[in-house]
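Architecture and fold: a report
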Amino acid sequence: MQRLSPTFTEALSEATRRGLLSLGTSRRVVLAARLGAASGLISGPASETGLESASGPGPLVSGKVLASDLGLSRTAVHKHVEYLRALGFAIEAVPGGGYRLVRPFDDLLAAEAVLPFLLGQVEPGFAWLAGLPYRYAEVCESTNEALKSGADSLPSGAVVVAEGQTKGRGRLGRDWISQRGKDLTFSVLMRPSLAPAQAHLLSLSVALAVSEVLETIPGLQEQAGTVGIKWPNDVLLGEKKVCGILLEGSMDVDRLRWVVAGIGVNVNSDPTAVRGAGAEWLGRPSPTSLKVCLGHSVPRAPLLADLLVRLTKRWAELEATDLLQGIRERDVLTGRRVTVFTGPPENEPLVTGEALGIGPEGQLLVRTVAGTTVPVFAGDVTVQAMQAVE
Ligand code: BTN
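Read on for an overview of the structure. Fair warning: this is a prediction, and the values are worked out from it, not measured in the lab.

So, about the sheet that holds strand β8 (residues 227-230). Reading across from one edge, β5-β6-β7-β11-β10-β9-β8 is the order of the seven strands in this open sheet, with mixed pairing throughout. Strands at the two margins of the open sheet, each flanked by one partner only, are β5 (134-140) and β8. Each strand axis lies, on average, 20° off the axis of its neighbour in the sheet, ignoring direction. Together, β7 (184-190), β8, β9 (234-237), β10 (240-251) and β11 (256-265) form the strand contacts of helix α7 (residues 199-214), whose direction differs from that of β10 by roughly 145°.

Set out below in structure tokens:
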């Protein structure tokens, strides 16, 4: 049996003790992680004890070893396997032999499929990640709404993921349209020790975390152009938008109580087929997806796991100087003629002028025709003709 790191299993046990993950979910995460590690789908330690050779797509993992390792009867192991199958896992049971994965589970989004991908990433200080409170829904109105409704009682790091949303929301009251079962729509809860005036740092840090993860996808930038950030938090591939971020929060007079970061990544959909490209995107980048750019599908479970890890690390280092540097390196607005709105575009704009870059507190600096530099801390930016100012 491929052993899992003690940090990983301890994090799951701790999450179960604290009531963050049900015992059943935690056991199935371990089961899925072991089957995944045995088939080489997820990285684990090299030890191979307990694996039995058999013909077929992947090595069999003995039911007896699984049972003793999970502290369960073989019947209970079988029930958990049945549950995993109902979630979409393709697991073959060989009588008298054991179990094996016949297909990867890397495009499923239930906790049982995503948390195993944290196996190789659980470092000291971030061990709790393996047992993060994770709620999965086939469909919900909006993951932001679902998480906000429980935000007062849930711990920092809680995640809500849905295969599809019926009322996905974008910034400034716009809709967010994703394709069920194809994209990533999820929200994460944070309890940062920040003053409300610093909330925009969170927004920038989410955009940076997403960009950093997308930059690790092989071939993406070669195919689609560089990953860029359109202040404050649209993530672009070349000139097209691949990810939108909506932060919503609750605050007391002098501190943020919680913030929900809602993230929509166009992964395997074809956004132009769903939404159409063109006039409605005037001044704003038209949408694209990872699949459209790469020409092949991207498995969503490891991508989501990477995003959760990167987000957590970025939030742990909000004051780090490389946050602004990272944003500046990816900023697509500098040198362009922009108009900033704080409400719908039919409202009076806040300012129009040339984007000068990102200021020391993460604000967008805009120079008006009169030569005044206006710092903007919140707003939506439209770009005139997405081309550099002469
Ligand atoms: C935007 O670019 O306008 C922001 C889009 C944010 C979309 C995400 S999808 C998950 C979460 N739930 C929502 O209803 N919206 C956010």
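On to the site of the ligand. Close contacts around the ligand come from 20 residues, with Ser-142, Gln-165, Arg-169, Arg-171 and Lys-241 the closest. For the ligand, a nitrogen atom lies 2.9 Å from a polar atom in the side chain of Gln-165. Contact with the protein chains removes 99% of the 420 Å² of surface that the ligand exposes when unbound. Ranked by residue count, the leading element in the shell around the ligand is β10, at four residues.

Moving on, we come to the side chain of Thr-143. Here Thr-143 is to be found in helix α6 (residues 143-150). Among the residues examined, Thr-143 registers a relative accessible area of 3% and is labelled buried. Not counting the four nearest positions on each side in its chain, Thr-143 is found in contact with Val-160, Val-161, Ala-162, Gln-165, Thr-185, Phe-186 and Ser-187.

Where side chains of opposite charge bring their charged atoms close, a pairing between them can arise. This structure, assessed with the given rule, holds 27 salt bridges. A salt bridge links Glu-82 to Arg-85; its shortest N-O distance comes to 2.6 Å. With Glu-82 and Arg-85 both in helix α4 (residues 74-86) and three residues apart, the pair spans about one turn of that helix. For Arg-85, a relative accessible area of 28% puts it in the partly exposed group. Residues participating in the shared-partner salt-bridge network are Glu-145, Lys-148, Arg-169 and Glu-248.

Calculation rules
- Residues numbered from 1 in each chain as written.
- Predicted model: local features only at pLDDT ≥ 70, side-chain atom pairs only at ≥ 80, totals over all residues.
- Heavy atoms only, no water.
- Pairing = 2+ DSSP bridges.
- Helix = DSSP H or I, 4+ residues; strand = E, 2+ residues; numbered from the N terminus.
- Axes fitted to C-alpha atoms, helices over the stretch in contact; angles between N-to-C directions.
- Contact = heavy atoms within 4.5 Å.
- Near = heavy atom within 4 Å.
- Polar contact = N/O pair within 3.5 Å; in protein donor to acceptor, adjacent residues only side chain to side chain.
- Areas by Shrake-Rupley, 256 points an atom, 1.4 Å probe, with all protein chains shown as cover.
- Buried < 20%, exposed > 50% of the residue type's maximum accessible area, 1.4 Å probe, protein only.
- Salt bridge = Lys/Arg side-chain N within 4 Å of Asp/Glu carboxyl O.

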